[in-house]
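For reference, the chains in residue letters:
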Amino acid sequence: MDLNARVLYVCILDTEDQIRVHRNIPATSMDLIDLLAPYLHEDIVIGVEYMHCWYWVSDLCQQFNLPIVLGHALYMRAIHGGKAKNDKIDSLKIAKLLKSGMLPMAYTYPQAMRATCCVAGCT
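First things first, this report covers the structure right here in the doc. Just so it is clear, the model here is predicted, and its values are computed rather than measured. (Residues numbered from 1 in each chain as written. Predicted model: local features only at pLDDT ≥ 70, side-chain atom pairs only at ≥ 80, totals over all residues. Heavy atoms only, no water.)

Examining the overall build of the protein chain
In step 1: For the protein chain, the count of helices and strands is five helices and six strands.
In step 2: Starting at the N terminus and ending at the C terminus, the protein chain contains elements arranged as β-β-β-α-β-α-β-α-α-β-α.
In step 3: Expressed as a percentage of its 123 residues, the buried residues of the protein chain come to 40%.
In step 4: Considering only intrachain contacts with a sequence separation of at least 6, the fraction spanning at least 24 residues in the protein chain is 54%.
In step 5: By element, 56% of the accessible surface of the protein chain is carried by carbon and sulfur atoms, the whole surface being about 7400 Å². (Helix = DSSP H or I, 4+ residues; strand = E, 2+ residues; numbered from the N terminus. Buried < 20%, exposed > 50% of the residue type's maximum accessible area, 1.4 Å probe, protein only. Contact = heavy atoms within 4.5 Å. Areas by Shrake-Rupley, 256 points an atom, 1.4 Å probe, with all protein chains shown as cover.)

Structure representation (structure tokens):
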């Protein structure tokens, strides 16, 4: 998913690379869980670009025991670059990079370490 402060664009691919969901929703835990609910019984992995607002998605995934991968924003830009860029395109590219195993990963700081990390200036 392409995550912003107020909205997120979600793209769900199936095992044959067919798009099952590709739409914009409000960036709230309730809206995200409502969208993901039909797929929670399947093997689903959440991919999000490491941005300033990833914490709540990580915490939500942990609550529902969903695997999450944070994509390193700078390395992702180097891989998929491209002149055409918007949330819809980015969400599809993130999904394809994740599915192919090519999503450059960033470290997911556990909730207990985040305050320490931010004070220390880590990113």
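So, unusual backbone geometry
Excluding glycine, residues mostly have negative phi values, and the peptide bonds linking residues are mostly trans.
In step 1: Non-glycine residue Asp 17 carries a positive phi angle of around 65 degrees.
In step 2: Take Asp 17: it is sitting in the loop between β2 (7–13) and β3 (19–26).
In step 3: You will see that Asn 65, though not glycine, has its phi angle at about 60 degrees, which is positive.
In step 4: Assignment of secondary structure puts Asn 65 in the loop between α2 (55–63) and β5 (68–71).

A few points about the nonpolar core
In step 1: Ranked by size, the top nonpolar core spans 27 residues in total, and within it Met 1, Leu 8, Val 10, Leu 32, Ile 46, Val 48 and Val 57 carry the most contacts.
In step 2: When residues no more than four places from it in sequence are discounted, the contact partners of Val 57 are Met 1, Leu 3, Leu 32, Ile 46, Val 48 and Ile 68.
In step 3: Among the nonpolar cores identified, the runner-up in size contains five residues, and Val 69, Met 76, Ile 94 and Leu 97 belong to it. (Core = buried A, V, L, I, M, F, W, Y, C linked by side-chain atoms within 4.5 Å.)

So, the pairing of β3
In step 1: Alignment of β2 against β3, held across seven bridges, turns out to be antiparallel. Within the sheet, the bridge partner assigned to Cys 11 lies in β3 and is His 22.
In step 2: Between β2 and β3, which pair antiparallel in sequence order, lie five residues; one of them, Asp 17, sits at a positive phi of approximately 65 degrees. (Pairing = 2+ DSSP bridges.)

Details of the side chain of Asp 2
In step 1: Position of Asp 2 among the secondary structure elements: in strand β1 (residues 2–3).
In step 2: Since its relative accessible area comes to 4%, Asp 2 is described here as buried.
In step 3: Beyond its immediate sequence surroundings of up to four residues, Asp 2 is in contact with Val 7, Leu 8, Tyr 9, Glu 49, Asp 87, Asp 90, Ser 91 and Ile 94.

Describing the environment of Val 7
In step 1: Mapped onto the secondary structure, Val 7 falls in strand β2.
In step 2: Beyond its immediate sequence surroundings of up to four residues, Val 7 is in contact with Asp 2, Asn 24, Ile 25, Pro 26 and Ala 27.

Topic: the layout of surface pockets
In step 1: Quantified by volume, the largest pocket comes out at close to 470 Å³.
In step 2: Lining the largest pocket we find 20 residues, and of these Ile 12, Leu 13, Asp 43, Ile 44 and Val 45 sit closest to its centre.
In step 3: When residues of the lining of the largest pocket are traced back to their parent elements, those giving at least two are β2, β4 (46–49) and α4 (87–100).
In step 4: Along the lines of polarity and charge, the residues of the lining of the largest pocket split into 13 nonpolar, two polar and five charged.
In step 5: What the second largest pocket holds in volume is close to 150 Å³.
In step 6: Contributing to the lining of the second largest pocket are 13 residues, with Asp 2, Glu 49, Arg 77, Lys 85 and Asp 90 lying nearest its centre.
In step 7: Looking at the lining of the second largest pocket, the elements with two or more residues in it are β1, α3 (73–80) and α4.
In step 8: Among the residues forming the lining of the second largest pocket, the class breakdown is five nonpolar, two polar and six charged. (1 Å grid on protein atoms, 1.4 Å probe; cavity = no way out; pocket = protein on both sides within 12 Å on 5 of 7 lines; lining within 4 Å. Points joined across faces, edges and corners; volume = space filled by probe spheres on them. Nonpolar A, V, L, I, M, F, W, Y, C, P; charged D, E, K, R; others polar.)

Function cannot be read off these values alone, since they describe shape.
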